[in-house]
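Reading the structure
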Amino acid sequence: MINGKKMGLGILSYKAHETLKKTLVSLEQQKAGSFFDDSVIYFNDFCDRDREIADAFSFRAVGGPNIGFTAQQQLAEHLDADYIVLIQNDCPLVENLSELKKQLTRSVELIETKKIDLMRLRHQWHVGEGFCDVVKYAKFYNIGAVNESFIAREHGLDEQGLKHSWVKSFKRYIRPLKARRLIGRSVYVEKSPEKLFPKYIQRTGDVFIVDSECIDYTEQSFLIQKDFFLNTLCKFINENPKKRTLHGFQVPEIILNCLWWRKKHFKIGVCKGLFTHNRFDDSFRKNHLFYNKKI
């Protein structure tokens, strides 16, 4: 518990058993389970092997037929907690238990005092695979001063990718709305993003508070109040399905990253983070080592 509030950890999983086990081992090695009041894995296409893995790591196993990422709602509903940390089976923990306690305690305090609505928990520097935020930001903005913790190789970038160019100001001129939506990504590369974009980014200690007008919703690795997730975000998702889907399934990121999200001006926290992103079987990315591997 944190200040009398129950904490829950939820993992969304679909097959990918080797990936899931590596994530669970990372949590077990740091004894992270001792911090949470409830820990649940929701399995799409639930099978006996899923239950065996969950039991081996002392997680409750729930699930059903495959419904894609919208299963995060069912995952949240099964968690007996006031605050929930939602990750996916390919999000291993890369910090120790002390750092986990510190960051989650700080996150809850910021939500309780209404300074933020949601805390992103993907690691700010060890971002893992498939993270293109900085690449897209650098196409529109010259970097003011690169943060000393920034790891270019994590983003597939080199000095060429971060060099200054007048073309970027032209891109911002012809696509101002696109440029504005990218501002929040500066927290993953800039040394002082709150000074560059004070209208949209504030800083409290080591946490950035970013206006949702300029940072997207992400399904991966975040802490949120359970009621807010279900009664605000999931409610909007359920009421606003999109024609654009992924393998026929509705995608919360597609639905929420819209004008409604930007106009709500939700306060999104970005801290050092706890989880990275890595897969070891059945990646859906065509350029990934495990794309289309039989499972």
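Residues numbered from 1 in each chain as written. Predicted model: local features only at pLDDT ≥ 70, side-chain atom pairs only at ≥ 80, totals over all residues. Heavy atoms only, no water.

Spatially, the 9 strands line up as an open sheet ordered E3-E2-E1-E4-E8-E5-E9-E7-E6, and their pairing is mixed. Each edge of the open sheet is held by one strand with a lone partner, namely strand E3 (60-64) and strand E6 (201-204). Pairwise comparison of adjacent strand axes, ignoring direction, gives a mean angle of 25 degrees for this sheet. Here strand E1 (residues 7-14) runs beside strand E4 (residues 83-88); their pairing, made up of 6 bridges, is parallel. Bridging from a neighbouring strand, Gly8 pairs with Ile84 of E4. The strands touched by helix H3 (residues 71-78) within the sheet are E1, strand E2 (38-44), E3, E4 and strand E8 (222-225), with E2 carrying the most contacts at an inclination of about 150 degrees. (Pairing = 2+ DSSP bridges. Helix = DSSP H or I, 4+ residues; strand = E, 2+ residues; numbered from the N terminus. Axes fitted to C-alpha atoms, helices over the stretch in contact; angles between N-to-C directions. Contact = heavy atoms within 4.5 Å.)

Here the focus is a positive patch on the surface. Taken together, the side chains of Lys136, Lys139, Arg175 and Lys178 present a region of like positive charge at the surface. Mapped onto the secondary structure, Lys136 falls in helix H5 (residues 133-140). (Patch = residues over 30% accessible without salt bridge, like charges linked within 9 Å, V, L, I, M, F, W, Y side chains within 5 Å. Areas by Shrake-Rupley, 256 points an atom, 1.4 Å probe, with all protein chains shown as cover. Salt bridge = Lys/Arg side-chain N within 4 Å of Asp/Glu carboxyl O. Lys, Arg positive; Asp, Glu negative; His and termini not counted. Charge placed at Lys NZ, Arg CZ, Asp CG, Glu CD.)

With that settled, consider unusual backbone geometry. Outside of glycine, negative phi angles account for most residues, and trans bonds account for most peptide bonds. Positive phi outside glycine occurs at Asp45, with the angle close to 55 degrees. Tracing the backbone shows Asp45 in the loop between E2 and helix H2 (48-56). Judged by relative accessible area, Asp45 falls into the partly exposed class, the value being 33%. One non-glycine residue, Ser221, lies in the positive phi region at around 60 degrees. (Buried < 20%, exposed > 50% of the residue type's maximum accessible area, 1.4 Å probe, protein only.)

Our focus in this paragraph is the pattern of salt bridges. As enumerated under the stated definition, the model contains 13 salt bridges in all. Here Glu95 ties to Lys272 by a salt bridge, and the two come within 3.3 Å at their closest N and O atoms. Of this pair, Glu95 sits in the loop between E4 and helix H4 (97-112) while Lys272 sits in strand E9 (residues 267-275), and the two are 177 residues apart along the sequence. The buried category is assigned to Glu95, whose relative accessible area is 14%. Between Asp133 and Arg120 there is a salt bridge whose closest N-O contact spans 3.9 Å. Of the two residues, Asp133 is situated in helix H5 and Arg120 in strand E5 (residues 118-122); the sequence distance between them amounts to 13 residues. For Asp133, a relative accessible area of 12% puts it in the buried group. Members of the salt-bridge network, linked through shared partners, are Arg120, Asp133, Arg181, Arg185 and Asp216.

These figures capture arrangement, not role.
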